[in-house]
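These are the residues of each chain, in order.
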Amino acid sequence: MKRVIYDCQDHMASITLNWPEVMNCFNYDTLLELEAIIQDIHTDKSVRAVVITGAGPKAFSAGADLKERRTLAPQEVRRSVKKIGDVFNQVAELPQPTIAAINGYALGGGLELALACDFRYAAEGAYLGLTETSMAIIPGAGGTQRLPRLIGEAKAMELILTAKRLTAEEALQYGLVNKVVKADQLLDSCKELAAAVMKNGPIAVQQAKFAIKNGMNVDLATGLKIESKAYEVTIPTADRVEALKAFNEKRPPKFTGK
């Protein structure tokens, strides 16, 4: 049985964590499956947006498979922690925009995966939290770094040190998610966001993401240089010429990603 299901239609890739019996937790083999998919998407120019969700109505992902962790020696735990961090970094480094469709519990590593995405939409009734300190560990797959960059140091410190679980509505107030929708509208809402992104020039979208991500944590002068180089990539593209031609002819552009 595949623990991660992949599908791609109309340039939109869908990744589903498929282990609902254990709230879509990550064991080592699941991480290897997810990693292989992410690596394929990274070089697939036909993919223009990515939506990640969990199977079943209960959970996006509850994080690491604690049953597996109990059987591991300390060195094996270190291997697993490194792998989950590496895989989530690969998600964060995808050139395509990524959307986490949080359909239920997103706890520990599950929330860290969502934090590695560019957008987070949550269903009403979902719960989110970096709860690792309640298990006498800390977030080890980017949570201590990505959450404060997203919502600020003080709020992130509060959530991580108290291991607090937030409702979807509370997560929206914290700035942790972009939008909260009814559960039966979650995937459609994420697809609408993906469609709004994909109607634009694919190379321009990727370069805009690159400029934002790489410019966030440098000084303004360096960030402007990053932006300038990203702009340069778009100038010789056929899509830029097509956009100007379509504007002149008063019609929608037909972008090819070239």
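Look up: the structure comes first, before these words.
Below is a short write-up of the structure. (Residues numbered from 1 in each chain as written. Predicted model: local features only at pLDDT ≥ 70, side-chain atom pairs only at ≥ 80, totals over all residues. Heavy atoms only, no water.)

On to the pattern of salt bridges, then. Applying the stated criterion across every chain yields a total of six salt bridges. In this structure, the salt-bridge partner of lysine 82 is aspartate 86, at a minimum N-O distance of 2.7 Å. One end of the pair is lysine 82 and the other is aspartate 86, both in helix H3 (residues 74–92) and four residues apart, which spans about a single turn. Residue classification places aspartate 86 among the partly exposed residues on the basis of a relative accessible area of 26%. Here glutamate 242 and arginine 251 are joined by a salt bridge, their closest N and O atoms 2.7 Å apart. (Salt bridge = Lys/Arg side-chain N within 4 Å of Asp/Glu carboxyl O. Helix = DSSP H or I, 4+ residues; strand = E, 2+ residues; numbered from the N terminus. Buried < 20%, exposed > 50% of the residue type's maximum accessible area, 1.4 Å probe, protein only.)

Quick look at the layout of surface pockets now. Which parts of space are left empty comes out when a probe the size of a water molecule is rolled across the atoms. One number sums up the size of the largest pocket: a volume of about 930 Å³. Contributing elements (two or more residues each) for the lining of the largest pocket: H3, strand S7 (119–123), helix H5 (143–151) and helix H9 (202–215). It is H9 that provides the largest number of residues to the lining of the largest pocket, a total of eight residues. The class makeup of the residues in the lining of the largest pocket is 14 nonpolar, seven polar and seven charged. Each pocket or cavity is described by its volume, and for the second largest pocket that value is around 670 Å³. Taken together, 28 residues form the lining of the second largest pocket, with Ala62, Ala64, Leu66, Met135 and Ile137 sitting closest to its centre. Among the elements of the structure, helix H2 (66–70), H3 and helix H4 (109–115) are those that each provide at least two residues to the lining of the second largest pocket. (1 Å grid on protein atoms, 1.4 Å probe; cavity = no way out; pocket = protein on both sides within 12 Å on 5 of 7 lines; lining within 4 Å. Points joined across faces, edges and corners; volume = space filled by probe spheres on them. Nonpolar A, V, L, I, M, F, W, Y, C, P; charged D, E, K, R; others polar.)

This brings us to empty space enclosed by the protein. Scanning all chains against the criterion turns up three cavities of 30 Å³ or more. Approximately 60 Å³ is the volume found for the largest cavity. What lines the largest cavity is Val47, Arg48, Pro97, Val197, Met198, Asn200, Gly201, Pro202, Val205 and Gln206. Those elements giving two or more residues to the lining of the largest cavity turn out to be helix H8 (186–198) and H9. Element by element, the count of residues in the lining of the largest cavity is highest for H9, at three residues. Its residues placed into classes, the lining of the largest cavity shows six nonpolar, three polar and one charged. Every residue lining the second largest cavity is listed: Phe26, Asn27, Tyr28, Leu31, Ala64, Asp65, Glu68, Arg69, Ser80 and Ile84. Counting residues per element, the ones that place at least two in the lining of the second largest cavity are helix H1 (28–42), H2 and H3. Along the lines of polarity and charge, the residues of the lining of the second largest cavity split into five nonpolar, two polar and three charged.

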